[in-house]
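These are the residues of each chain, in order.
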Amino acid sequence: MEYTKDDIYQQVKDQIDIVDLVSEYVSLQKKSSNNYFGICPFHHEKTPSFSVSATKQIYYCFGCHKGGDCVAFIRDIEHLEWKEALEFLAKRLHIDWQASSSRRNTKEQEHYQEQKRQFLLANSAAKFYYAALRSPAAAEMVNYLRTRELSATACGNYGLGAALDQRDLLVKYLQKSGFSEKEMLASGLVRIKNNSLYDLFRRRLIFPIMDRYGRVIAFGGRVLDDSKPKYINSPETPIYTKGEHLYAYNFAKKFNAPEILVVEGYMDAISLLSRGYHNVVACLGTALTHKQVRLLKLLDRQVIMCLDSDAAGQKATYLSLQRLELQGLSPKVLKVKQAKDPDEFVKKFGIEAFNNLILQAEPALNWRLNTAFAQAEQADGSFDESVFFQAAIRILAAINSPLEYARALKEVCKLVASYDESTIADEVKYYKNTQEFQQYQRSLRYETREMERPEAAKVILPEVKQQPPVNEPSMAIPPAFVNILWLLCNDNSLYQNFAAAIDNCLQNVKEIQALWLQCRQALMKNTFDAPTLLNILSNSAVSLKDKDQITRLFLQESSIKDSKLSQESLSHNLSELQRYELKRRINYISWRLRNDDFSSEAEKDKLRQQYQSLSRKFWELKR
């Protein structure tokens, strides 16, 4: 069945029971006729504060203040964008909006079908490699895994496989599975030479790479000896683009943890995963890309970088930190002591020691300064202060936050005894005028453009827009406005009948203008309900206290059945809101008259007249 862009969201909300959906992730207990409670999956708690209303079809946590409808729940629990969450639920209901010929041309349809076939092929290849690792011919690889202390259970959980030392085993398997030569070549797993097809991976341990939905999209192959190249990855395909995915991300997102650790290689990630540390991903390359940073940002956790300590790893860490900070994150860096990487550390000291080591991760600024300090230490044990000083000047010049700069300046002074703060600050100003710093600024502008570049949509989604966030400080909502929203939510026809009076009143109240405009759009479509309101609130600047109060009100089962009583209540609350706005303006003018020492007498007379006029209106309304 095909749906238009206007009704897909409503179709999903109408067909999914939020209690059933949430129960797949959270153990719920019935507390009243239609309300359920459980332990919140979004933050750590002991007493259940996570509520689900069967009649309102909404959820809300009174601890962390997350709330919304079924789409918002999937967005939060699966760490997806809002459109992706809608697609997730639409697929669950078998709503194939991509089949709409009115919105897709022939080329797009062909690309979509090609993607479907490539997903099937990648899944078939993963099964082939998985089975091959369990064959007698893979004994050498099994022994290698034992030396790396990886159990058969761990290998099975993460889909490890084997590419045996034969030219075209995968080719023959895929041909028997019904895949064409064109499809095999497009997958990158098969190549052609002298009109003969052969496998890309041979005599390698295979790591399946999955996207964030858990679908196999590519593979990495590792040799067992010292031959080069040590790793080979799948080339780019219709379903895999380098730099857009993180290894083990699909596992890490399932666990509610305060941090996410970024390591360099597959083995580091697998070693930690197999020992019970699930908050780890591998970057599938050197430095994190901007698209990988976006994935990490969706997790809403403390990002901790733990790349190799060699020159290439240090360079990748610097660039990764810069990209993380550009997207508003505050990353930390973990130094693995007494081992060359996390894999070796957990083998020597165990996972508990590693958990303790995680707590010692240092902020990015401290890591930069400490790294510069270590590089200034000479082979004979002496310390070259000038080397550290020059590195510290570059670090200070790159800091934009005044508070961060002041803190860093004090840290540098502690490490460099020969210079005081004013001398260092002067050197920073001088350095900012050099060609080297100008080059750094240009590279930063390039990184910013790359970060802001819109992603090419690989999957065509319906044009259902989420309400944009309101970038204002937290605001308080007048109680009368909350009552009006409750009345309109219970009966959308109230707005249709009294639109002019409602708009005239609400559009004049500054605190609620932006929120009202979003609610008004839903009312005009006659789709204003509790889930819609909570979605709007989740992206607004409303204070947490008001969100709690509104949610508690809307979780109540009561409603006004008498239309006359609803109209009277609406009229009363509109009058209350008018008095609220008049009182606010009166208080502002009163403050101006008391504190404005620069206005002329004529201007003050005008303010007094406004004050008297507004006061008369206020008391007339109150009577």
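None of the values given here were measured: they were computed from a predicted structure.

Chemist: How would you summarise the overall build of the chain if you had to cite specific residues and measurements?
Modeler: Counting its secondary structure elements, the chain contains 27 helices and 16 strands. Residue burial in the chain is summarised as follows: out of 623 residues, 47% are buried. Nonlocal contacts in the chain, meaning residues at least 24 apart in sequence, comprise 65% of its contacts between residues at least 6 apart. A total accessible area of about 32,100 Å² is found for the chain, and carbon and sulfur atoms account for 49% of it.

Chemist: Describe the packing of helix H16 (residues 364-375) against helix H18 (residues 402-415), with residues and values.
Modeler: Interhelical geometry of H16 versus H18 gives an angle of 25° and a closest axis separation of 11 Å. By the angle class used here, H16 and H18 are roughly parallel. As for the relative orientation of H16 and H18, their crossing is right-handed in sense. For the pair formed by H16 and H18, the contact residues are Leu-365, Asn-366, Leu-369 and Phe-373 on the first element and Glu-404, Arg-407, Ala-408, Glu-411, Val-412 and Leu-415 on the second.

Chemist: Account for helix H12 (residues 290-299), with residues named and values stated.
Modeler: Of all 10 residues making up H12, seven are buried, and the element is well covered by its neighbours. When we look at burial in H12, the residues that qualify are His-290, Gln-292, Val-293, Arg-294, Leu-295, Leu-296 and Leu-299. Count one or two residues on from H12 and you reach Asp-300, which has phi positive near 55°.

Chemist: Break down the packing of helix H14 (residues 342-349) against helix H15 (residues 351-358) for me, with residues and values.
Modeler: Look at H14 against H15: their axes get within 7 Å of each other, and the N-to-C directions meet at 125°. Here H14 lies oblique to H15, going by the angle between them. The residues of H15 that touch H14, namely those facing Pro-342, Phe-345, Val-346 and Phe-349, are Ile-351, Ala-353, Phe-354 and Leu-357.

Chemist: How would you summarise the pattern of salt bridges if you had to cite specific residues and measurements?
Modeler: Pairs can form between side chains of opposite charge whenever their charged atoms are close. On inspection of all chains with the given rule, the structure shows 22 salt bridges. When the shortest N-O distance is used, the salt bridge between Glu-183 and Arg-117 registers 2.8 Å. Here Glu-183, found in helix H9 (residues 181-187), pairs with Arg-117, found in helix H5 (residues 106-133); they are 66 residues apart in sequence, far enough to count as distant. The class for Glu-183 is buried, based on a relative accessible area of 18%. Note that Glu-244 is salt-bridged to Lys-291, the shortest N-O span being 2.9 Å. A residue pair is termed long-range when its members are at least 10 positions apart, and Glu-244 in the loop between strand E11 (231-233) and helix H10 (249-252) and Lys-291 in helix H12 qualify at 47 residues. We classify Lys-291 as partly exposed; its relative accessible area is 28%. When salt bridges with common partners are traced through the structure, they connect Glu-140, Arg-203 and Asp-225 into a single cluster.

Chemist: So what's going on with the side chain of Asp-341? Residues and values would help.
Modeler: Examined against the element boundaries, Asp-341 turns out to sit in the loop between strand E15 (332-333) and H14. Buried and without a salt bridge, Asp-341 has Lys-340 as its closest oppositely charged side chain, separated by 4.8 Å. Within polar-contact distance, the side chain of Asp-341 engages the backbone nitrogen of Glu-344 at 2.8 Å. Residues in contact with Asp-341, not counting those within four places in the same chain, are Asp-268, Asp-308 and Val-336.

Chemist: Tell me what's going on with the state of the cysteines, and back it up with residues and numbers.
Modeler: A disulfide bridge is the covalent bond that connects two cysteines by way of their sulfur atoms. For the structure on display, the rule yields zero disulfides. This cysteine, Cys-519, is not joined by any disulfide, and Cys-489 carries the nearest cysteine sulfur, 9.1 Å off. For Cys-519, a relative accessible area of 0% translates into the label buried.

Chemist: Any chance you could break down the nonpolar core for me, citing the residues and the numbers?
Modeler: If you look at the biggest cluster of nonpolar residues, it comprises 68 residues, and the most contacted ones within it are Tyr-129, Phe-219, Tyr-247, Leu-261, Leu-272, Leu-334 and Phe-354. At eight residues, H5 tops the list of elements feeding residues into this core. Excluding its chain neighbours within four sequence positions, the residues that come into contact with Tyr-247 are Phe-207, Pro-208, Ile-209, Tyr-266, Ala-269, Ile-270, Val-280, Val-281, Ala-282 and Leu-284.

Chemist: Can you break down the sheet that holds strand E10 (residues 216-222) residue by residue, with the values?
Modeler: Here we have four strands laid out as an open sheet, ordered E6-E9-E10-E11, and antiparallel in their pairing. The open sheet has two edge strands with one neighbour each: strand E6 (161-163) and E11. Adjacent strand axes in the sheet meet at a mean angle of 35°, parallel and antiparallel pairs treated alike. In this structure, E6 lies alongside strand E9 (residues 204-210), joined through three bridges in antiparallel fashion. Each bridged residue has a counterpart across the sheet, and for Ala-162 the counterpart in E9 is Leu-205.

Chemist: Could you give an account of the side chain of Asp-69, with specific residues and numbers?
Modeler: Among the secondary structure elements, Asp-69 is positioned in the loop between strand E5 (67-68) and helix H3 (70-78). Although Asp-69 is buried, it makes no salt bridge; Lys-13 carries the closest opposite charge, 4.6 Å away. From its side chain, Asp-69 meets the backbone nitrogen of Ala-72 in a polar contact 3.1 Å long. The contact partners of Asp-69, leaving out residues within four places of it in the chain, are Tyr-9, Lys-13, Ile-18, Gln-57, Tyr-59, Pro-531 and Asn-535.

Chemist: Give a description of the pairing of strand E12 (residues 259-263) that names residues and reports values.
Modeler: Buried residues dominate E12, accounting for five of its five residues. Every second residue of E12 is oriented toward a common face, with Glu-259, Leu-261 and Val-263 on one face and Ile-260 and Val-262 on the other, all of them buried. By the bridge criterion, five bridges tie E12 to strand E14 (residues 302-306) in an arrangement that is parallel. Looking across to E14, one finds that Glu-259 is bridged to Gln-302. Two elements, E12 and strand E13 (residues 280-282), share three bridges in a ladder whose sense is parallel.

Chemist: Give a detailed account of the sheet that holds E13, specifying residues and quantitative values.
Modeler: An order of E13-E12-E14-E15-E16 is seen for the five strands of this open sheet, with the pairing classed as mixed. Only two strands of the sheet have a single partner each, and these edge strands are E13 and strand E16 (362-363).

Chemist: Mind laying out the environment of Ser-53, listing which residues take part and the relevant values?
Modeler: Relative to the assigned elements, Ser-53 resides in strand E3 (residues 50-53). For the pair formed by Ser-53 and Asn-35, sequence separation is 18 residues and the distance between their alpha carbons is 4.7 Å.

Chemist: Help me get a handle on the confidence of the model for the chain, residues and values and all.
Modeler: With 88% of its residues at a pLDDT of at least 70, the chain reaches an overall mean of 82. Counting interchain partners and residues more than four positions distant, the pLDDT-below-50 stretch residues 1-6 has 10 contacts. Segment residues 456-475: pLDDT under 50, and 55 contacts once partners within four positions in sequence are set aside and those in other chains are kept.

Chemist: Provide a residue-level description of unusual backbone geometry, including the pertinent values.
Modeler: Along the chain, Lys-228 connects to Pro-229 via a cis peptide bond; the corresponding omega equals -5°. Considering the arrangement of structural elements, one finds Pro-229 in the loop between E10 and E11. Residue His-79 is not a glycine yet carries a positive backbone phi of 55°. For His-79, the location among the structural elements is in the loop between H3 and helix H4 (82-92). Relative accessible area serves as the criterion here: at 12%, His-79 is assigned to the buried category. If you check the backbone angles, Glu-149 has positive phi at about 60° while not being a glycine. For Glu-149, the position within the fold is in the loop between helix H6 (139-147) and helix H7 (152-157).

Cut-off values and rules
Residues numbered from 1 in each chain as written. Predicted model: local features only at pLDDT ≥ 70, side-chain atom pairs only at ≥ 80, totals over all residues. Heavy atoms only, no water. Helix = DSSP H or I, 4+ residues; strand = E, 2+ residues; numbered from the N terminus. Buried < 20%, exposed > 50% of the residue type's maximum accessible area, 1.4 Å probe, protein only. Contact = heavy atoms within 4.5 Å. Areas by Shrake-Rupley, 256 points an atom, 1.4 Å probe, with all protein chains shown as cover. Axes fitted to C-alpha atoms, helices over the stretch in contact; angles between N-to-C directions. Parallel < 35°, antiparallel > 145°, perpendicular 65-115°, else oblique. Left-handed = near helix turned anticlockwise from the far one by under 90°. Salt bridge = Lys/Arg side-chain N within 4 Å of Asp/Glu carboxyl O. Lys, Arg positive; Asp, Glu negative; His and termini not counted. Polar contact = N/O pair within 3.5 Å; in protein donor to acceptor, adjacent residues only side chain to side chain. Disulfide = S-S within 2.5 Å. Core = buried A, V, L, I, M, F, W, Y, C linked by side-chain atoms within 4.5 Å. Pairing = 2+ DSSP bridges. pLDDT = per-residue confidence, 0-100.

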